[in-house]
Amino acid sequence: MRGAWIVGVLIIVGACGAEGSVSGTVSTSAPLVTTSPTTAGPAMTAPAASAPTTAPVTTASAPTTVLPTTSPAPVIGPDGVWEVTSGIVNGEPAQLIENAPITLIAEGSRLSGSAPCNSYEFTVELRKVGVEIVDGFVTEIGCESPIAELEELYLQSFGPTATYLIDGSTLTWQTPTATWIFNRVSPVRAAPLIGTTWVLNGVIDEFGGMSASGIEKGRIVFAADGTFAGSTSCRDFTGSWVLVGTTINAGDVVIAGECTGPMAEVDDIVVQVLDEGLVASIDGNRLSARPSDNLGLDYFAGT
């Protein structure tokens, strides 16, 4: 019922430098010579004048200022939203499925996306010459064939090590067993907080990510009056919410009845998150509630 998936990724990046200089010039002007007017008097024979002595002119070299060499900040990680357009695994082309896209969302130290049925997310340590995945999870929603087979092919071949190349709007992700080609796509427009039915997609606890058949019955809807209502997928709850910056904080949670049966474990994690204040944020059509590192809920915008 639980699933955890961890890989290491090595990516080579580069940087280049630039150098420039600025020079100045020195200008000299000839001295101004003033001739006194001649005063009338007896005619005189002037002695022969000797040639004037000209002092040598020293030309100063223009000072040169050298600017310090600067290098652009290295680009680490394929930040952006990407969608697979083709793939080759173990020398065989992957059979992509229409309306079941495989996506990769890179945001600094976070890689996530759809695989294409389940959601995956990894926290990575960024380095100057690579990336190492330190932890992550994959939800465990039951997927039908052939989506299940495509998802397994992608997840198993995404790592454990990889290099990537970005050429314009194309990302080539290469591992020891596969080459996946992605195309850059526009980020998903954020769904409105108020009035959207947020559908539970997965839960996270200290053992990693988890999902189950029927988890989509978990819902939460935020109202304009500062209240919310929903279901853990097993029992109903209500509460109040307030927006602090871009973070949604919840309080005054009331949960009805008790939960027994196959959804009891999911229910327990949802209740823990609600009790800790929800602490949620929206990213595109996803709402993520992460009150702590080892606890969280993942919702998507439903209809």
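What counts, and where the lines are drawn
- Residues numbered from 1 in each chain as written.
- Predicted model: local features only at pLDDT ≥ 70, side-chain atom pairs only at ≥ 80, totals over all residues.
- Heavy atoms only, no water.
- Phe/Tyr/Trp six-rings, centres within 6.5 Å; stacked < 30°, edge-to-face > 60°.
- Helix = DSSP H or I, 4+ residues; strand = E, 2+ residues; numbered from the N terminus.
- Buried < 20%, exposed > 50% of the residue type's maximum accessible area, 1.4 Å probe, protein only.
- Core = buried A, V, L, I, M, F, W, Y, C linked by side-chain atoms within 4.5 Å.
- Disulfide = S-S within 2.5 Å.
- Salt bridge = Lys/Arg side-chain N within 4 Å of Asp/Glu carboxyl O.
- Contact = heavy atoms within 4.5 Å.
- Polar contact = N/O pair within 3.5 Å; in protein donor to acceptor, adjacent residues only side chain to side chain.

## Looking at the packing of aromatic side chains
- According to the stated counting rule, one finds eleven aromatic pairs in the structure shown.
- Ring geometry for F158 and W173: centres 4.7 Å apart, planes at 15 degrees, overall stacked. With a gap of 15 residues between them, F158 in the loop between α1 (147-157) and β10 (163-167) and W173 in strand β11 (residues 170-174) connect regions that are remote in the sequence.
- Overall, the relative accessible area of 1% leaves F158 in the buried class.
- Here W173 falls in the buried class, since its relative accessible area comes to 1%.
- Relative to F237, the ring of F228 lies with its centre 6.0 Å away and its plane at 65 degrees, an arrangement referred to as edge-to-face. Here F228 and F237 have matching classes, each one buried.
- Ring-pair connections join several aromatic residues into one group, and the members of that group are Y120, F122, Y154, F158, Y164, W173 and W180.

## So, the nonpolar core
- Core analysis: the largest hydrophobic core is formed by 28 residues, its most contacted members being V203, F222, L278 and L297.
- It is helix α2 (residues 264-275) that contributes the most residues to this core, five residues altogether.

## Comments concerning the state of the cysteines
- In total, this model carries one disulfide according to the counting rule given.
- For C234, the disulfide goes to C259, at an S-S distance of 1.9 Å. What sets the handedness of the C234 and C259 disulfide is the S-S torsion sign, and at about 110 degrees it is right-handed. On the criterion of sequence distance, the pair formed by C234 in the loop between β16 (227-231) and β17 (236-244) and C259 in the loop between β18 (247-255) and α2 is long-range, its members being 25 residues apart.
- Residue class for C259 comes out buried when judged on its relative accessible area of 15%.

## Thoughts on the pattern of salt bridges
- Going through the model one piece at a time under the given rule, you end up with six salt bridges.
- The partner of E121 in a salt bridge is R286, with the nearest N and O atoms 3.9 Å apart. Placement of the pair is E121 in strand β8 (residues 119-127) and R286 in strand β20 (residues 286-292), with a sequence separation of 165 residues. By the burial criterion, E121 is buried, and R286 matches it.
- For the salt bridge of R290 with E121, the shortest nitrogen-to-oxygen distance reads 3.4 Å. Remark: E121 occurs in strand β8 and R290 occurs in strand β20; sequence separation between them is 169 residues.
- Given the relative accessible area of 25%, R290 is considered partly exposed.

## Remarks on the environment of Q174
- Within the fold, Q174 resides in strand β11.
- Between the alpha carbons of Q174 and S157 there is a distance of 9.2 Å; along the sequence they are 17 residues apart.
- For Q174, the residues in contact, after removing those within four places along its chain, are T161, A162, T163 and T179.
- Side-chain polar atoms of Q174 contact the side chain of T179, separated by 3.4 Å.

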